Amino acid sequence: MDSKKQTKNMSLLNCISAGLLVYILTIPMHELFHALTFIIYGDKVQVFSAGAVESYKLVDYNTLSTFDKIMLGGGSASILNFIIAMIIFIVLIKAKKMGSTLRIIMLQLFGAQMATAVGYFFFGGLIGMGDWGQVFSHLEDMPGIITTLRIILITLGAVGIVFTFFVLNYFNYDFIHDPVDKKERFSVAAKINLPMFIMGLIVPVFAMIKSPAILDGEVSMLDVMLWNMAWIVFFWGFMFTWVMVRPPKKSRFKCELPTKPNIVLLIISVILILLDIIVLGPGVYF
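Just so it is clear, the model here is predicted, and its values are computed rather than measured.

A. The arrangement of the pairing of strand E1 (residues 45–48) in detail. Bridging between E1 and strand E2 (residues 53–55) involves 3 bridges; their strand directions are antiparallel. Each residue of the ladder has a partner; that of Val45, found in E2, is Ser55. Between E1 and E2, which pair antiparallel and follow one another directly, the connecting turn spans 4 residues. Pairing geometry for E1 and strand E3 (residues 284–285), over 2 bridges, is antiparallel. Bridging from a neighbouring strand, Phe48 pairs with Val284 of E3.

In structure tokens:
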């Protein structure tokens, strides 16, 4: 009887399905934030793709303030990701009654939003890549501002990344009956976190193979793989729960990982991922 129940446990599939949805709510939404920023500043979107948004460059950056150059140059999206992550963090703390599937989605979404916020802060400040590299290119005549901004980004990024490790670890225990059971800690933390880590490494590569930014040589696949390392927060969230951080003395269990397959969630998530790769990958032109 027990072995029969075990074969029907589809909690890993449900966590993967949730993760696919979370990915769509993170990376394409990050690019949407860029597109909205262009529109707010009076520019027009030329192409919207899975990993980059290009505008017609109708705005004269020389007329903008330093703050506006940072926002329009590429900084707005990561900052909005950070704000969303903090809202989700508060919801996870305050919400007493939340279904297990929704709780998984919210926890994964917190980590994903932080990956595209503080992860991009850190790597952008450290090596000038991605969105923040674009920001620095618009501040070339202000080397002091660039240096200060790099220091701020690296500091916020490093602190935020470590903070994310601990938050993921803390909320993993919402699904763990016995915190001293190492096997249960491994099982739960792996199901929630590792699919996100793997998706964050792999999906953007497939989505951006035919993207305009890659084909035009503006971005290399090496750049994409470096950006993807921001998703490593999920790997360490898993490791913190499994072996690296002392478990709580008392159980904080709130709900089980859902064991029955959520077919609707799976279908919706797969369709959205395919749209991301097939439609947004090559880009939508305006």
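Let's pick the thread back up.
B. A nonpolar patch on the surface, seen in detail. A grouping of Ile263, Ile267, Val270, Ile271, Leu274, Leu275, Ile278 and Val279 is seen on the molecular surface, where their side chains present a nonpolar patch of about 690 Å² in accessible area. Relative to the helices and strands, Leu274 is located in helix H12 (residues 263–280).

C. A look at the packing of aromatic side chains. Scanning the model with the defined rule gives 19 aromatic pairs in all. Arranged with centres 5.4 Å apart and planes meeting at 75°, the rings of Phe89 and Phe163 form a pair that is edge-to-face. Of this pair, Phe89 sits in helix H4 (residues 66–94) while Phe163 sits in helix H7 (residues 143–172); the two residues are 74 residues apart in sequence, bridging distant segments of the chain. For the pair Phe238 and Trp242, a centre-to-centre distance of 5.5 Å together with 25° between the ring planes defines the contact as stacked. Pair noted here: Phe238 and Trp242 are both in helix H11 (residues 232–244), with a separation of 4 residues, about one helical turn. Residue Phe238 is classed as buried on the basis of its relative accessible area of 4%.

D. Molecular detail of the packing of helix H2 (residues 11–24) against helix H8 (residues 182–208). Orientation of H2 relative to H8, taken along the N-to-C sense of each, is 45°, at an axis distance of 9 Å. By the angle between their axes, H2 is oblique relative to H8. The chirality of how H2 crosses H8 is right-handed. Contacts between H2 and H8 involve Ser11, Leu12, Cys15, Ile16, Gly19, Leu20, Val22 and Tyr23 on the former and, on the latter, Lys191, Ile192, Pro195, Met196, Met199, Val203 and Pro204.

E. Representation of the environment of Phe235. Within the element layout of this structure, Phe235 appears in helix H11. With 38 residues separating them along the chain, Phe235 and Phe197 place their C-alpha atoms 6.0 Å apart.

F. Here's a closer look at H8. The first and last C-alpha atoms of H8 sit 38 Å apart over 27 residues, in line with the 39 Å expected at 1.5 Å per residue. Ala190 marks where H8 bends most, by close to 40°. The residue sitting at the N-terminus of H8 and contributing the capping side-chain oxygen is Asp181; that oxygen lies 3.0 Å from the backbone nitrogen of Lys183.

G. Expanded view of helix H3 (residues 27–40). The end-to-end C-alpha distance of H3 is 20 Å, a good match for the 20 Å that 14 residues give at a rise of 1.5 Å each. Listed as buried for H3 are Ile27, Pro28, His30, Glu31, Phe33, His34, Ala35, Thr37 and Phe38.

About the cut-offs
- Residues numbered from 1 in each chain as written.
- Predicted model: local features only at pLDDT ≥ 70, side-chain atom pairs only at ≥ 80, totals over all residues.
- Heavy atoms only, no water.
- Pairing = 2+ DSSP bridges.
- Helix = DSSP H or I, 4+ residues; strand = E, 2+ residues; numbered from the N terminus.
- Patch = residues over 30% accessible without salt bridge, like charges linked within 9 Å, V, L, I, M, F, W, Y side chains within 5 Å.
- Areas by Shrake-Rupley, 256 points an atom, 1.4 Å probe, with all protein chains shown as cover.
- Salt bridge = Lys/Arg side-chain N within 4 Å of Asp/Glu carboxyl O.
- Phe/Tyr/Trp six-rings, centres within 6.5 Å; stacked < 30°, edge-to-face > 60°.
- Buried < 20%, exposed > 50% of the residue type's maximum accessible area, 1.4 Å probe, protein only.
- Axes fitted to C-alpha atoms, helices over the stretch in contact; angles between N-to-C directions.
- Parallel < 35°, antiparallel > 145°, perpendicular 65-115°, else oblique.
- Left-handed = near helix turned anticlockwise from the far one by under 90°.
- Contact = heavy atoms within 4.5 Å.
- Expected span 1.5 Å × (residues − 1).
- Bend = angle between axes of the 7 residues up to and from the residue.
- Polar contact = N/O pair within 3.5 Å; in protein donor to acceptor, adjacent residues only side chain to side chain.

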